[in-house]
Amino acid sequence: MLNMKTVCSRALRRTAGSILLRAGSAVGRTVAASATSSGQRAAVLVQSSQGRWAAAASVASFSSSSSASASSSDNQGPPDDYTFRVPELSKGDGAAMQRVARDSKVLETNTLYCYVMYVDHFGADGCIVVERTPEDGEETEEQGGRRVVGYVQGHRIPERPDTVFVWQVGVDSSDRRRGLARRLLFELASRLAKERDVKYLEATVTPSNTASRKLFRSFARSVDAECVESEHYTDDVFGSSGHEPEDLFRIGPFDLK
């Protein structure tokens with residue numbers, strides 16, 4: 001069985017030329033990314049650009065410093081206090097996911113019902129939350145005394161059940177620069193690989209969202225898989241909204257069983 005350390009070490013040994021990257025155009029709302037220097041962890045948020053079921057991934061942070069050099073190459077994992085698990089209705093995880101989105105000030109916040117329904121319908125088949133012990137003064141609506149500080153929200157594509165589509169990912173501002181965004185992607189992909197035979201992860205990204213594109217490329221390298229980019233949602237499908245086009249990022253096949 002492969003673990004995060006194993007696949008990341010394997011990825012570091014690969015050359016850049018072994019990854020297939022095909023540039024194209026992409027959609028969604030552009031948001032900023034917090035950059036860190038090499039060897040540090042970058043905090044990111046991935047969001048749906050329109051908050052709809054045909055989702056898009058974008059990256060944001062809570063810092064005014066935005067840079068295309070945002071690094072997600074550090075393979076050091078989060079501190080031991082973080083735990084990753086499947087969200088549960090009984091623990092109030094739907095409300096916690098909405099809180100993370102709302103407090104970001106940049107993620108598009110959907111209705112509470114949307115998050116509750118997603119946990120109910122896709123909790124075991126496309127979602128992961130990360131939690132830790134709350135600090136003094138931090139609110140926690142979750143049951144059990146732990147605070148949810150990040151989540152990945154996705155679903156398997158009905159026509160292609162070997163593929164999980166990432167809709168929305170959020171990480172609290174207080175927990176940035178700990179590699180949580182990529183770790184959330186890894187936890188989701190590895191669990192679904194073992195339990196649902198998933199071999200691919202997809203997301204759509206705007207052409208101007210450099211940080212998000214780097215995140216998914218970094219994730220592809222960490223699981224020793226190709227990252228193929230192609231045009232997906234062209235601007236005409238969004239009418240006169242001014243919405244950017246989106247590229248499809250298709251990562252895989254990967255073997256994380």
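Not measured: the values here are computed from a predicted model.

1. Re the side chain of Asp 125
In step 1: Here Asp 125 lies in helix 3 (residues 112–126).
In step 2: In this structure Asp 125 comes out as buried when scored by relative accessible area, which is 15%.
In step 3: A distance of 3.1 Å separates polar atoms of two side chains, one belonging to Asp 125 and the other to Arg 156.
In step 4: For Asp 125, the contacting residues outside a window of four places in its chain are His 155, Arg 156, Arg 191, Leu 192 and Arg 196.

2. Thoughts on the confidence of the model for the chain
Any residue range with low pLDDT should be treated as having predicted coordinates unsuitable for detailed reading.
In step 1: In the predicted model, the chain carries a mean pLDDT of 74, and 67% of its residues have values of at least 70.
In step 2: In this model residues 4–76 is a low-confidence stretch, pLDDT under 50, and it forms 223 contacts with partners more than four residues away in sequence or in other chains.

3. Topic: a nonpolar patch on the surface
In step 1: Taken together, the side chains of Leu 89, Leu 112 and Val 116 present a nonpolar region at the surface, about 220 Å² in accessible area.
In step 2: Relative to the elements of secondary structure, Leu 89 occurs in the loop between strand 3 (83–85) and helix 2 (93–104).
In step 3: With relative accessibility at 43%, the residue Leu 89 sits in the partly exposed group.

4. Looking at the packing of helix 3 against helix 4 (residues 180–196)
In step 1: Contact pair helix 3 / helix 4: the axes reach a minimum separation of 9 Å and the direction vectors enclose 85°. If you check the angle between helix 3 and helix 4, you find them roughly perpendicular. On helix 4, the residues touching Gly 123, Ala 124, Asp 125 and Gly 126 of helix 3 are Leu 188, Arg 191, Leu 192, Glu 195 and Arg 196.
In step 2: Looking at side-chain class alone, the contact of helix 3 with helix 4 contains three nonpolar, two polar and four charged residues.

5. Things to note about the nonpolar core
In step 1: With 34 residues, the main nonpolar core has Leu 185, Leu 201, Ile 251 and Phe 254 as its most contacted residues.
In step 2: Contributions of two or more residues to this core are made by strand 4 (127–132), strand 5 (147–157), strand 6 (160–171), helix 4, strand 7 (200–205), helix 5 (210–222) and strand 9 (246–251).
In step 3: Here the element with the most residues in this core is helix 4; it accounts for nine residues.
In step 4: Leaving out residues up to four positions away in the same chain, Ile 251 has contacts with Lys 199, Tyr 200, Leu 201, Phe 216, Phe 219, Ala 220, Val 223, Ala 225, Glu 226 and Cys 227.
In step 5: Among the nonpolar cores identified, the runner-up in size contains ten residues, and Leu 107, Tyr 115, Val 119 and Tyr 151 belong to it.

Procedures and definitions
Residues numbered from 1 in each chain as written. Predicted model: local features only at pLDDT ≥ 70, side-chain atom pairs only at ≥ 80, totals over all residues. Heavy atoms only, no water. Helix = DSSP H or I, 4+ residues; strand = E, 2+ residues; numbered from the N terminus. Buried < 20%, exposed > 50% of the residue type's maximum accessible area, 1.4 Å probe, protein only. Polar contact = N/O pair within 3.5 Å; in protein donor to acceptor, adjacent residues only side chain to side chain. Contact = heavy atoms within 4.5 Å. pLDDT = per-residue confidence, 0-100. Patch = residues over 30% accessible without salt bridge, like charges linked within 9 Å, V, L, I, M, F, W, Y side chains within 5 Å. Areas by Shrake-Rupley, 256 points an atom, 1.4 Å probe, with all protein chains shown as cover. Salt bridge = Lys/Arg side-chain N within 4 Å of Asp/Glu carboxyl O. Axes fitted to C-alpha atoms, helices over the stretch in contact; angles between N-to-C directions. Parallel < 35°, antiparallel > 145°, perpendicular 65-115°, else oblique. Nonpolar A, V, L, I, M, F, W, Y, C, P; charged D, E, K, R; others polar. Core = buried A, V, L, I, M, F, W, Y, C linked by side-chain atoms within 4.5 Å.

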